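Spelled out, the chains give:
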Amino acid sequence: MRVLIAFFTLCLLGLPPGGALAAPPAPGISGVSGTIRSGEARVHFTLRNAFTPEMVEALKSGIEITFKTTVEIERVYRNWFNRPMGKVQYTRSVRYDALSRVYRLHRDDGDELRADVLAALDAMTRFEVVVPITGEVEKGKPYRARVRARLDKVGLSEPLRSIFFFSSLWDVETGWSRGYLQTP
């Protein structure tokens with residue numbers, strides 16, 4: 001009996017903590033790139049690991065999910081303060097319509113329909129954003145885009161917002177990601 005108790009105790013001590021076994025990958029922004037010219041910058045990026053399995057199941061049951069992204073453009077100076085040239089906040093939402101059995105995507109620049117959940121998730125995570133800029137663009141000088149995204153819990157209904165407030169599975173927020181822009 002003592003041998004069994006000692007064996008189980010050693011097994012329990014040897015196991016890593018439960019959180020370390022199933023930690024979901026952190027959400028993030030990748031592939032920030034684009035072009036800049038007088039009047040506007042076009043910025044491309046991808047939102048990675050934004051949808052947890054619980055969020056996908058909630059989406060399939062009809063809960064609307066909204067992400068807000070912030071894109072900032074700046075002129076980069078070496079050993080000096082960078083100059084902000086433009087900023088835009090962009091909202092993208094998706095909701096499953098059970099009557100027509102499609103996923104309705106709402107973006108600031110228009111709406112579209114997707115037939116399956118994978119196509120809807122892909123459309124929610126790939127971005128091409130146009131940012132109006134002020135000031136002249138000098139050819140050959142460094143310009144950079146900074147991007148951050150977060151889940152908008154305000155768009156959820158009140159009972160869900162109260163429930164998800166205490167759940168870390170719905171805390172989706174990325175850090176700032178940066179990428180250089182090409183001048184024409």
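Criteria and cut-off values
- Residues numbered from 1 in each chain as written.
- Predicted model: local features only at pLDDT ≥ 70, side-chain atom pairs only at ≥ 80, totals over all residues.
- Heavy atoms only, no water.
- Pairing = 2+ DSSP bridges.
- Helix = DSSP H or I, 4+ residues; strand = E, 2+ residues; numbered from the N terminus.
- Axes fitted to C-alpha atoms, helices over the stretch in contact; angles between N-to-C directions.
- Contact = heavy atoms within 4.5 Å.
- Salt bridge = Lys/Arg side-chain N within 4 Å of Asp/Glu carboxyl O.
- Buried < 20%, exposed > 50% of the residue type's maximum accessible area, 1.4 Å probe, protein only.
- Phe/Tyr/Trp six-rings, centres within 6.5 Å; stacked < 30°, edge-to-face > 60°.

**A word on the sheet that holds strand β4 (residues 83-97)**
And step 1. Strand order in the open sheet made by the six strands is β6-β5-β4-β3-β8-β9, with antiparallel pairing throughout. One side of each edge strand has no neighbouring strand; the edge strands of this open sheet are β6 (110-114) and β9 (177-181). Shown here is a sheet whose adjacent strand axes are inclined to one another by a mean of 20°, direction ignored.
And step 2. Relative to strand β5 (residues 102-107), β4 runs antiparallel, the two being bridged by six bridges. Each residue of the ladder has a partner; that of Tyr96, found in β5, is Tyr103.
And step 3. Contacting β3 (65-75), β4, β5 and β6, helix α4 (residues 117-125) runs over the sheet at an angle of about 165° to β4.

**What about the pairing of β5?**
And step 1. Hairpin connection of β4 to β5: four residues between the antiparallel strands, including Arg101 at a positive phi of 55°.
And step 2. The sheet contact formed by β5 and β6 spans five bridges and is antiparallel. Across the sheet, the residue bridging to His106 is Asp111, located in β6.
And step 3. Between the antiparallel neighbours β5 and β6 lie two residues.

**Brief notes about the pattern of salt bridges**
And step 1. The full count for this structure, using the stated rule, is twelve salt bridges.
And step 2. One salt bridge connects Glu72 with Arg146, and the closest N-O pair in it is separated by 3.1 Å. Of the two residues, Glu72 is situated in strand β3 and Arg146 in strand β8 (residues 143-151); the sequence distance between them amounts to 74 residues. Both residues of the pair, Glu72 and Arg146, belong to the buried class.
And step 3. In this structure, Arg114 engages Glu112 in a salt bridge whose closest nitrogen and oxygen atoms are separated by 2.4 Å.
And step 4. Since its relative accessible area comes to 27%, Arg114 is described here as partly exposed.
And step 5. Connected via shared salt-bridge partners are Arg37, Glu40, Arg42 and Glu128.

**Some words on the pairing of strand β7 (residues 126-132)**
And step 1. Burial along β7 is one-sided: the residues Phe127, Val129 and Val131 are buried and none of Arg126, Glu128, Val130 and Pro132 is.
And step 2. Relative to β7, strand β2 (residues 40-48) runs antiparallel, the two sharing seven bridges. Within β7, the residue paired with Glu40 across the bridge is Pro132.

**Comments concerning the packing of aromatic side chains**
And step 1. One pass over the structure, following the stated rule, counts five aromatic pairs.
And step 2. Note on Phe51 and Phe67: the rings are 5.4 Å apart at their centroids and 80° apart in plane angle, and the pair reads as edge-to-face. Pair noted here: Phe51 is in the loop between β2 and α3 (53-60) and Phe67 is in strand β3, with a separation of 16 residues, a long-range link.
And step 3. For Phe51, a relative accessible area of 15% gives the class buried.
And step 4. Between Tyr90 and Phe127 the ring centres are 6.1 Å apart and the planes differ by 75°, which places this aromatic pair in the edge-to-face class. Of this pair, Tyr90 sits in strand β4 while Phe127 sits in strand β7; the two residues are 37 residues apart in sequence, bridging distant segments of the chain. Neither Tyr90 nor Phe127 differs from the other in exposure class; each is buried.

**Notes on unusual backbone geometry**
And step 1. The phi dihedral of Asn49 is positive, around 55°, even though this residue is not glycine.
And step 2. With respect to the secondary-structure elements, Asn49 resides in the loop between β2 and α3.
And step 3. On the basis of relative accessibility, which here comes to 36%, the residue Asn49 falls in the partly exposed class.
And step 4. Not every positive phi belongs to a glycine, and Asn79 is a case in point at roughly 60°.
And step 5. When you line up the elements, Asn79 lands in the loop between β3 and β4.
And step 6. Under the relative-accessibility criterion, Asn79 is labelled exposed at 75%.

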